Amino acid sequence: MSDVTTTVEQYIAIWNETDAERRRALVAEVFTPDVSYTDPLGAVTGHDGIDGFIGGAQAQFAGLTFSLPEAPDAHHDLARFHWYLTAPGATEPLAIGFDVVELADGRITKVHGFLDKIPG
C-alpha cells in the first residue's frame, strides 16, 4: 500500500469519525494547517474549517458511511479518487463523489471535490 493510498484512506476515515475530539486529532494529522477544501456545497480553509464542514455533513447524513470503491490514482503530489456515501445495509450509494487532493510532505494541502450523484 502506497503512502498516498494510506493518506486517502485516512481522509475517508475522518469523514466517518463521529467522535469530535478524535476527528479533530485526525484532521491535524492528515491536513496541513493551511489546507483549503472546495466542493459544490462549500469552501473552507484550515483545520477549523475542515473539521466544521465534516461535522456539518455528519449531522446532515447521520448514520451514513463514506467508502472508497477503488484505490486512488496518483502521480507527483496529486491523487484522485471516487468515494461513496452509503446507508447501512444498502447496496447502492446515496451519493457518489470524485475528489482530487494535493499533497505536501505526505499531508493534504488542498481538496477539490466534485459531486457525481447526490440524494434527491
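Further up the page is the structure itself.
Residues numbered from 1 in each chain as written. Predicted model: local features only at pLDDT ≥ 70, side-chain atom pairs only at ≥ 80, totals over all residues. Heavy atoms only, no water.

## Section: the layout of surface pockets
Phase 1: Empty space within the largest pocket amounts to approximately 340 Å³.
Phase 2: Around the largest pocket sit 21 residues that line it, and D39, L41, F61, W83 and L115 are the ones nearest its centre.
Phase 3: Of all the elements in the fold, those that place two or more residues in the lining of the largest pocket are helix 1 (3-16), strand 1 (31-39), helix 3 (46-60), strand 5 (78-86), strand 6 (95-104) and strand 7 (107-117).
Phase 4: Of all the elements, strand 7 adds the most residues to the lining of the largest pocket, at four residues. (1 Å grid on protein atoms, 1.4 Å probe; cavity = no way out; pocket = protein on both sides within 12 Å on 5 of 7 lines; lining within 4 Å. Points joined across faces, edges and corners; volume = space filled by probe spheres on them. Helix = DSSP H or I, 4+ residues; strand = E, 2+ residues; numbered from the N terminus.)

## Considerations on the nonpolar core
Phase 1: Of all hydrophobic cores here, the largest spans 28 residues; its most connected members are Y11, W15, F31, Y37, I50 and I108.
Phase 2: Elements that contribute at least two residues to this core include exactly helix 1, helix 2 (20-30), strand 1, helix 3, strand 5, strand 6 and strand 7.
Phase 3: Those residues in contact with I50 that lie beyond four places of it in its chain are V27, F31, V35, Y37, V44 and T45. (Core = buried A, V, L, I, M, F, W, Y, C linked by side-chain atoms within 4.5 Å. Buried < 20%, exposed > 50% of the residue type's maximum accessible area, 1.4 Å probe, protein only. Contact = heavy atoms within 4.5 Å.)

## Remarks on the pattern of salt bridges
Phase 1: Here the structure, examined in full by the defined rule, presents three salt bridges.
Phase 2: The salt bridge involving R23 is made with D51; its shortest N-O contact spans 2.7 Å. Of this pair, R23 sits in helix 2 while D51 sits in helix 3, and the two are 28 residues apart along the sequence. One exposure class covers both R23 and D51, and it is buried.
Phase 3: Across the pair R80 and D73 runs a salt bridge whose closest N-O atoms are separated by 2.9 Å.
Phase 4: Assessed through its relative accessible area of 43%, R80 is described here as partly exposed.
Phase 5: By relative accessible area, D73 is classed as partly exposed at 40%. (Salt bridge = Lys/Arg side-chain N within 4 Å of Asp/Glu carboxyl O.)

## Thoughts on the environment of A104
Phase 1: Tracing the backbone through its elements, the reader meets A104 in strand 6.
Phase 2: With 56 residues separating them along the chain, A104 and D48 place their C-alpha atoms 19 Å apart.

## Points about the packing of helix 2 against helix 3
Phase 1: Where helix 2 contacts helix 3, the two axes come as close as 10 Å, and the packing angle between them is 135°. Taken together, the axes of helix 2 and helix 3 lie oblique to each other. Note on packing geometry: the crossing formed by helix 2 with helix 3 is right-handed. The segment helix 2 lies against helix 3, with R23, R24, V27 and A28 engaging H47, D48, I50, D51, I54, G55 and Q58.
Phase 2: Tallied by class, residues from the contact of helix 2 with helix 3 come to four nonpolar, three polar and four charged. (Axes fitted to C-alpha atoms, helices over the stretch in contact; angles between N-to-C directions. Parallel < 35°, antiparallel > 145°, perpendicular 65-115°, else oblique. Left-handed = near helix turned anticlockwise from the far one by under 90°. Nonpolar A, V, L, I, M, F, W, Y, C, P; charged D, E, K, R; others polar.)

## Structural notes on unusual backbone geometry
Phase 1: The backbone of H76 sits at a positive phi, close to 50°, despite the residue not being glycine.
Phase 2: Under the relative-accessibility criterion, H76 is labelled exposed at 74%.
Phase 3: Positioned with a positive phi, D105 is a non-glycine residue whose angle comes to about 55°.
Phase 4: Along the chain, D105 turns up in the loop between strand 6 and strand 7.
Phase 5: For D105, a relative accessible area of 83% puts it in the exposed group.

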